Amino acid sequence: MALYLHCAICNRKQADGIISGTAWARLELPPGAEVDHPALKGSMFRVCPTCQQRHPDWRESLLASLGLGGSNQARAEAQ
Ligand SMILES: [Zn+2]
């Protein structure tokens with residue numbers, strides 16, 4: 001079975017391998033988060049190197065786009 005990486009931001013797909021596997025960033029969903037997204041594998045998103053460079057705050061942007069953003073921010077605002 002061929003494995004591939006699926007970028008959660010640009011939807012690019014690339015065959016998984018030693019080089020691409022380490023260059024692609026991982027984003028683990030927070031526990032209990034339920035997300036329906038074509039790029040989601042288990043509770044893990046992968047993001048391609050291009051998108052990492054283009055969006056330095058890609059983690060926050062991605063989480064925000066999923067409606068999961070700002071859990072830390074919300075906690076800070078509650079104090
Ligand atoms: Zn990408």
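Calculation notes
Residues numbered from 1 in each chain as written. Predicted model: local features only at pLDDT ≥ 70, side-chain atom pairs only at ≥ 80, totals over all residues. Heavy atoms only, no water. Donors = N, O, S within 2.8 Å, 3.2 Å for Na, K, Ca; no water. Tetrahedral: all angles 85-135°; square planar, octahedral: opposite > 155°, others 65-115°. Buried < 20%, exposed > 50% of the residue type's maximum accessible area, 1.4 Å probe, protein only. Helix = DSSP H or I, 4+ residues; strand = E, 2+ residues; numbered from the N terminus. Polar contact = N/O pair within 3.5 Å; in protein donor to acceptor, adjacent residues only side chain to side chain.

Enquirer: How do you make sense of the coordination of the zinc ion when you look at a structure like this?
Expert: Working reference: metal with six octahedral donors, ideal angles 90 or 180 degrees; metal with four tetrahedral donors, ideal angle 109.5 degrees. Around the zinc ion, the protein supplies C7 (SG), C10 (SG), C48 (SG) and C51 (SG) as donor atoms, at distances of 2.2 to 2.3 Å. Angles of 105 to 114° at the metal separate the four donor atoms of the zinc ion, which places the site in the tetrahedral class. In this structure C51 comes out as buried when scored by relative accessible area, which is 3%.

Enquirer: Got a minute to help me understand the environment of R46 in this structure?
Expert: Note that R46 resides in strand β4 (residues 44–47). Looking at R46, the relative accessible area reads 11%, which means it is buried. For R46 and L5, which are 41 residues apart along the polypeptide, the C-alpha to C-alpha distance reads 6.7 Å. One polar contact links the side chain of R46 to the main-chain carbonyl oxygen of G21, over a distance of 2.7 Å. Within the structure, R46 has its side chain in polar contact with the backbone oxygen of W24 (distance 3.1 Å).

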